[in-house]
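Geometric and topological summary
In case you want the letters, here they are:
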Amino acid sequence: PADKEILGRATWTFLHTMAAYYPDKPSPMEQSTMKSLLTSFSQFYPCGHCAEHLREEMKVDPPKVESRRDLSWWMCGMHNKVNEMLGKDKFDCNKVDERWRDGPSD
Ligand code: FAD
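Note that this is a predicted model, so its numbers are computed, not measured.

For Thr11, the position within the fold is in helix 1 (residues 4-20). Not counting residues within four places of it along the chain, the set of residues in contact with Thr11 comprises Phe41 and Tyr45.

In structure tokens:
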């Protein structure tokens, strides 16, 4: 695609927000649907080498879908691996809810 950066920002916004609003206690069906969503996502993400890298990372560290908190942390970890690879700062995963769900407290 023409702009990997814009696609990346928009996609992370979607992925982190989805994780932030995932159920605290997902049903077995919700858990398996989320797993297949992420698997499908890593197959079709329209940046070929990004998708390939994501699939490799997901083999080593499979999605944690047992709760909202687990999924949010897992997603943060995935994003940090990409940040690291690109030489960007690591994000403090304690702040995922503030960033993607609640907004800043002040
Ligand atoms: P982004 O990294 O897009 O982040 C957007 C916002 O998310 C940040 O401003 C920050 O507020 C917040 N944030 C940052 N880190 C975290 C975190 N760990 N947890 C929660 N929130 C966070 N680009 C490449 O060049 N090569 C690749 O291989 C590559 N792989 C990618 C794989 C995936 C699955 C995705 C979605 C994107 C990938 N990208 C890749 C794009 C890249 O990650 C960035 O989106 C892009 O470089 C724009 O970066 P940015 O600095 O604007 O912020």
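Attention now moves to the layout of surface pockets. Taken as a whole, the largest pocket spans an internal volume of roughly 800 Å³. Forming the boundary of the largest pocket are 32 residues, of which Gly8, Trp12, His79, Val82 and Leu86 lie nearest the centre. Those elements that place two or more of their residues in the lining of the largest pocket are helix 1, helix 2 (28-44), helix 3 (48-60), helix 4 (68-85) and helix 5 (96-102). In terms of residue class, the lining of the largest pocket is built from 17 nonpolar, 9 polar and 6 charged.

The next thing to look at is empty space enclosed by the protein. The tally for this structure, following the rule as stated, stands at 1 cavity of 30 Å³ or more. By volume, the largest cavity is sized at about 40 Å³. For the largest cavity, the full set of lining residues is His16, Ala19, Ala20, Ser72, Met75, Val96, Asp97 and Trp100. Secondary-structure elements contributing two or more residues to the lining of the largest cavity are helix 1, helix 4 and helix 5. A per-class count over the lining of the largest cavity returns 5 nonpolar, 2 polar and 1 charged.

Here helix 1 is 17 residues long and its end C-alpha atoms lie 24 Å apart, about the 24 Å a rise of 1.5 Å per residue gives. In this structure, the buried residues of helix 1 make contact with helix 2, helix 4 and helix 5. Among the residues of helix 1, the N-terminal cap falls to Asp3, whose side-chain oxygen and the backbone nitrogen of Glu5 are separated by 3.0 Å.

Lining the immediate surroundings of the ligand are 23 residues, of which Arg9, Trp12, His79, Lys88 and Arg99 lie closest. A distance of 3.3 Å is found between an oxygen atom of the ligand and a side-chain nitrogen or oxygen belonging to Glu5. Compared with its free state, where it exposes 960 Å², the ligand has 86% of that area covered by protein. At a threshold of 2 Å from the grid points, most atoms of the ligand map onto the largest pocket. Elements that contribute at least two residues to the shell around the ligand include exactly helix 1, helix 3, helix 4 and helix 5. With 7 residues, helix 1 is the largest single contributor of residues to the shell around the ligand. When the residues that make up the shell around the ligand are grouped by side-chain class, the tally is 11 nonpolar, 7 polar and 5 charged.

Turning our eyes to something else, we now look at the pattern of salt bridges. For the structure shown, the criterion picks out 7 salt bridges. Two residues, Lys81 and Glu57, come together in a salt bridge whose shortest N-O distance is 3.3 Å. Remark: Glu57 occurs in helix 3 and Lys81 occurs in helix 4; sequence separation between them is 24 residues. By relative accessible area, which is 26% here, Lys81 ends up partly exposed. A salt bridge links Asp97 to Arg68; the nearest nitrogen and oxygen atoms lie 2.8 Å apart. Here Arg68 lies in helix 4 and Asp97 lies in helix 5, a separation of 29 residues in the sequence. Residue classification places Asp97 among the partly exposed residues on the basis of a relative accessible area of 23%. On the basis of relative accessible area, Arg68 is assigned to the buried category, the value being 12%.

Parameters at a glance
Residues numbered from 1 in each chain as written. Predicted model: local features only at pLDDT ≥ 70, side-chain atom pairs only at ≥ 80, totals over all residues. Heavy atoms only, no water. Helix = DSSP H or I, 4+ residues; strand = E, 2+ residues; numbered from the N terminus. Contact = heavy atoms within 4.5 Å. 1 Å grid on protein atoms, 1.4 Å probe; cavity = no way out; pocket = protein on both sides within 12 Å on 5 of 7 lines; lining within 4 Å. Points joined across faces, edges and corners; volume = space filled by probe spheres on them. Nonpolar A, V, L, I, M, F, W, Y, C, P; charged D, E, K, R; others polar. Expected span 1.5 Å × (residues − 1). Polar contact = N/O pair within 3.5 Å; in protein donor to acceptor, adjacent residues only side chain to side chain. Near = heavy atom within 4 Å. Areas by Shrake-Rupley, 256 points an atom, 1.4 Å probe, with all protein chains shown as cover. Sits in = over half its atoms within 2 Å of the grid points. Salt bridge = Lys/Arg side-chain N within 4 Å of Asp/Glu carboxyl O. Buried < 20%, exposed > 50% of the residue type's maximum accessible area, 1.4 Å probe, protein only.

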